[in-house]
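What follows is the residue order along each chain.
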Number of protein chains: 2
Amino acid sequence: MPAPPASRTPLSRPRVLAAAVALADVDGMAAVSMRHLADRLGVVPMALYKHVGSKEDLLDGMVDTVLGEVVTAGPRGGDWRAAVRGAVLSARAAVQRHPWARRAIETRTVRTPAVLGHMEAVTALLLAGGFSPDLAHHAMHALGNRIWGFSPELFDETAEDRAAGTRTSPAPDPADYPSIIAVSLEARRRRPGAAGCDEDFEFTFALDLLLDALDRLRRDGWESPTGA
Amino acid sequence: MPAPPASRTPLSRPRVLAAAVALADVDGMAAVSMRHLADRLGVVPMALYKHVGSKEDLLDGMVDTVLGEVVTAGPRGGDWRAAVRGAVLSARAAVQRHPWARRAIETRTVRTPAVLGHMEAVTALLLAGGFSPDLAHHAMHALGNRIWGFSPELFDETAEDRAAGTRTSPAPDPADYPSIIAVSLEARRRRPGAAGCDEDFEFTFALDLLLDALDRLRRDGWESPTGA
DNA sequence: AGCGTAGGTGTACGTTGTACACCTCGTCAA
DNA sequence: TTGACGAGGTGTACAACGTACACCTACGCT
């Protein structure tokens, strides 16, 4: 006689979400289907729907779980710039722990608690740092996705290979893009042996550019043009 | 007797792509399946595969088609800032003509001719304007998605409604997000009667912030820290 | 003792991308 | 004139997907 059913620990929303995150971490986002996830949990696909409303809801929950890892310190010593920088870099760390999270965040439109919580934290730091609500608003927009700790991959080296299979259009001719080539050659010269761009540098470069620019506006008491 | 088969104008890659763009424009991206598209063209689904390699290739082609609408003037009068601004706003116009394009561009990783062409044009304007290849590189990264004329929708008003159906987690309590509320109230006060944010203003605000900051670096002869 | 309900099961349906074999022409060499 | 060839459209088929719906089962309550 086999062992008794062992009375599995029952499913729950957190358990489902955690399993989904783990599955995506290991096998990639494409492997996250209701069926695979159910298999992983030793359960039938439809059982998941007792804990998540739909696949969309599952993805929202996964993003929420990852962003729940972000920790934000309160404003310290009145240095809003360092505080915001720290919050954003904490988000970056969380997102980098889960390679699929970037893409997932981009496609989500729903504002779940952890998402709102992070936005609230950053906004609060700006207000505490002397930003007017008006300027804080525009600052959030200007930061955009960088709030979540990532910037778009403008030059994705790995994409070309992946596309080789089914592409119909001809491969582009480098001679048509002299400026890109010039820039890319200089980048390689500066970082010999490196593959692709230094994403961390690019991220902080742009982040600091924005924070500096915003600080100038704050000091100058900038405000929206009336009527806009 | 019905009209003779009318010897339909044969399919071709451009015709398939144009039909896909039109279909997405009218019925949304979700309606772009190989079957629907084939229906629209009066053809059987598999016929499309003679002209596009896969659905991925189709989407790449759609993005390429839209970005092909972008026109970029050469540098005029040495004002790189106005020229770049113009190129970016031209891309924005193209993307806004096709509501689905934003999301589609974000998910594409392949660099098709029109995509590369636009990147090349902007890079060339920077170089012609006195940017070092080094700084031009970082400038492109800093601009990020704004190159394509859009910025992430941080506060998407319509998303909440759409999610109401299958959401499992409870609706967020506004009392937990005082800073967001403060900012949002001020925004509403400044634009009474407006629904949501003024995306055009937010876009140019952030764009000009970046262009100004980059111009300062250019004037100062900024260059990458060695070793990074 | 019995009933309601939370939670897991089983089956089924419609839709998706696309592999593969086929057919039907128009073009061109012999 | 013929006959082969290849480009391009057809038909069928399959595996995978999300999820609606009816069902069962077992626990906590009164």
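For the structure, check the block above.
Residues numbered from 1 in each chain as written. Chains lettered and ligands numbered in written order. Predicted model: local features only at pLDDT ≥ 70, side-chain atom pairs only at ≥ 80, totals over all residues. Heavy atoms only, no water.

Asks: Before we go on, may I ask you to explain the overall build of chain A in this structure?
Replies: Broken down by element type, chain A carries ten helices and zero strands. Scanning chain A from its N terminus toward the C terminus, one meets helices and strands in the order α-α-α-α-α-α-α-α-α-α. The proportion of buried residues among the 228 residues of chain A is 48%. If you sum the accessible surface of chain A, you get close to 10,700 Å²; carbon and sulfur atoms cover 58% of it. (Helix = DSSP H or I, 4+ residues; strand = E, 2+ residues; numbered from the N terminus. Buried < 20%, exposed > 50% of the residue type's maximum accessible area, 1.4 Å probe, protein only. Areas by Shrake-Rupley, 256 points an atom, 1.4 Å probe, with all protein chains shown as cover.)

Asks: Would you mind showing me how to read the packing of aromatic side chains here?
Replies: Each aromatic ring pair is described using two quantities: the centre-to-centre distance and the angle formed by the ring planes. Tallying each qualifying case throughout the model produces six aromatic pairs over all chains. With 5.1 Å between their ring centres and 55° between their planes, F205 of chain A and W222 of chain B make a pair best called tilted. One end of the pair, F205 of chain A, is in helix α10 (residues 199-219); the other, W222 of chain B, is in the segment after α10 (199-219), on a second chain. Judged by its relative accessible area of 8%, F205 of chain A falls in the buried class. Taking the relative accessible area as the measure of exposure, W222 of chain B reaches 23% and is therefore partly exposed. Through successive ring pairs, a cluster of aromatic residues spans F201 and F205 of chain A together with W222 of chain B. Here R92 of chain A stacks its cationic end above the ring of F203 of chain A, 4.4 Å away from the centre of that ring. (Phe/Tyr/Trp six-rings, centres within 6.5 Å; stacked < 30°, edge-to-face > 60°. Lys NZ or Arg CZ within 6 Å of the ring centre and 35° of its normal.)

Asks: Just checking my understanding: could you explain the protein's contact with DNA strand C for this structure?
Replies: Around DNA strand C, the surrounding shell holds 17 residues, and the nearest of these are K50 and H51 of chain A together with R35, Y49 and K55 of chain B. Here the atoms of DNA strand C within 4 Å of the protein split so that 40% fall in sugar or phosphate, with bases taking the remainder. Here a phosphate oxygen of DNA strand C and a backbone polar atom of L11 of chain A are 3.1 Å apart. A distance of 2.8 Å is found between a phosphate oxygen of DNA strand C and a side-chain nitrogen or oxygen belonging to K55 of chain B. Ranked by residue count, the leading element in the surface near DNA strand C is helix α2 (residues 34-40) of chain B, at three residues. Its residues assigned to classes, the surface near DNA strand C comprises nine nonpolar, four polar and four charged. (Near = heavy atom within 4 Å. Polar contact = N/O pair within 3.5 Å; in protein donor to acceptor, adjacent residues only side chain to side chain. Nonpolar A, V, L, I, M, F, W, Y, C, P; charged D, E, K, R; others polar.)

Asks: How should I be thinking about the relation of the copies chain B and chain A in this particular structure?
Replies: One copy of the chain maps onto the other through a rotation about an axis followed by a shift along the same axis. When chain B is fitted to chain A, the best match, at an RMSD of 0.0 Å, comes from turning it 180° and sliding it 0.0 Å along the axis. The transformation relating the two chain copies, once decomposed into turn and shift, fits a two-fold axis. When the interface residues of chain B are mapped onto chain A, 100% of them are again interface residues, pointing to one common binding face. (Least-squares fit on C-alpha atoms with pLDDT ≥ 70 in both. Contact = heavy atoms within 4.5 Å.)

Asks: Would you take a moment to explain a nonpolar patch on the surface for this structure?
Replies: All names here are of chain A. A contiguous nonpolar patch, built from V44, M46 and Y49 and spanning about 320 Å² of accessible area, is present on the exposed surface. By the element assignment, M46 lies in the loop between α2 (34-40) and α3 (55-67). Assessed through its relative accessible area of 57%, M46 is described here as exposed. (Patch = residues over 30% accessible without salt bridge, like charges linked within 9 Å, V, L, I, M, F, W, Y side chains within 5 Å. Salt bridge = Lys/Arg side-chain N within 4 Å of Asp/Glu carboxyl O.)

Asks: Can you walk me through the side chain of R92 of chain A in this structure?
Replies: Residue and element names in this part refer to chain A. Residue placement: R92 occurs in helix α4 (residues 80-97). The class for R92 is buried, based on a relative accessible area of 8%. Not counting chain neighbours up to four residues away, the residues in contact with R92 comprise W148, G149, F150, E199, D200 and F203.

Asks: Looking at this model, I keep getting lost on the packing of α4 of chain A against α10 of chain A. Mind explaining?
Replies: Residue and element names in this part refer to chain A. Two numbers describe how α4 lies on α10: the axes approach to 11 Å, and their chain directions differ by 150°. On the basis of the axis angle, α4 is roughly antiparallel to α10. As for the relative orientation of α4 and α10, their crossing is right-handed in sense. Contacts from W80, R81, V84, R85, V88, L89, R92 and Q96 of α4 reach α10 at E199, D200, F203, T204, L207, D208, L211, D212, D215 and R218. Across the contact of α4 with α10, the residue classes tally to seven nonpolar, two polar and nine charged. (Axes fitted to C-alpha atoms, helices over the stretch in contact; angles between N-to-C directions. Parallel < 35°, antiparallel > 145°, perpendicular 65-115°, else oblique. Left-handed = near helix turned anticlockwise from the far one by under 90°.)

Asks: Is there a simple way to think about the protein's contact with DNA strand D in this case?
Replies: Around DNA strand D sit 18 residues, and of these R35, Y49 and K55 of chain A together with M46 and K50 of chain B come closest. A share of 39% of the atoms of DNA strand D within 4 Å of the protein falls on sugar and phosphate groups. In the model, a phosphate oxygen of DNA strand D is placed 3.2 Å from a nitrogen or oxygen of the S33 of chain A side chain. With respect to DNA strand D, the side chain of H51 of chain B contributes an N or O atom lying 2.8 Å from a phosphate oxygen.

Asks: Looking at this model, I keep getting lost on the environment of G28 of chain B. Mind explaining?
Replies: Residues and elements named next belong to chain B. Along the chain, G28 falls in the loop between α1 (13-27) and α2. A residue is classified by how much of its surface remains accessible, and G28, at 25% relative accessible area, is partly exposed. The sequence separation of G28 and P99 amounts to 71 residues, and the corresponding C-alpha distance is 8.2 Å.

Asks: Mind showing me how you'd approach the environment of A101 of chain B here?
Replies: Residue and element names in this part refer to chain B. The topology assignment puts A101 in helix α5 (residues 101-107). Along the backbone, A101 and V63 are 38 residues apart, and their C-alpha atoms lie at a distance of 6.7 Å. Apart from residues no more than four positions distant in its own chain, A101 is found in contact with V66 and V95.

Asks: Just to check I follow, could you spell out the interface of chain B and chain A for this structure?
Replies: Reports often express the size of an interface as the amount of accessible area lost when the parts come together. Each partner contributes residues to the interface: chain B has 76 residues there, and chain A has 76 residues. Of the roughly 6,800 Å² buried at the junction of chain B and chain A (both faces included), carbon and sulfur atoms supply 64%. Three residues stand out in chain B for area buried against chain A, namely H141, L154 and R190 of chain B, and they jointly supply 11% of the buried area on that side. At the boundary of chain B with chain A, the tally comes to four salt bridges. For R190 of chain A, the salt bridge goes to E223 of chain B, with nearest N and O atoms at 2.8 Å. On the surface where chain B and chain A come into contact, there are 17 residue pairs in polar contact (both at pLDDT 80 or more). Put simply, the parts of the chain that give the side of chain B that touches chain A at least two residues each are α5, α6 (113-128), α7 (133-143), α8 (159-163), α9 (178-190) and α10 of chain B. The biggest single contributor to the side of chain B that touches chain A is α10 of chain B, with eleven residues. Looking at side-chain class alone, the side of chain B that touches chain A contains 38 nonpolar, 17 polar and 21 charged residues. (Buried area = accessible area lost by both parts, 1.4 Å probe.)

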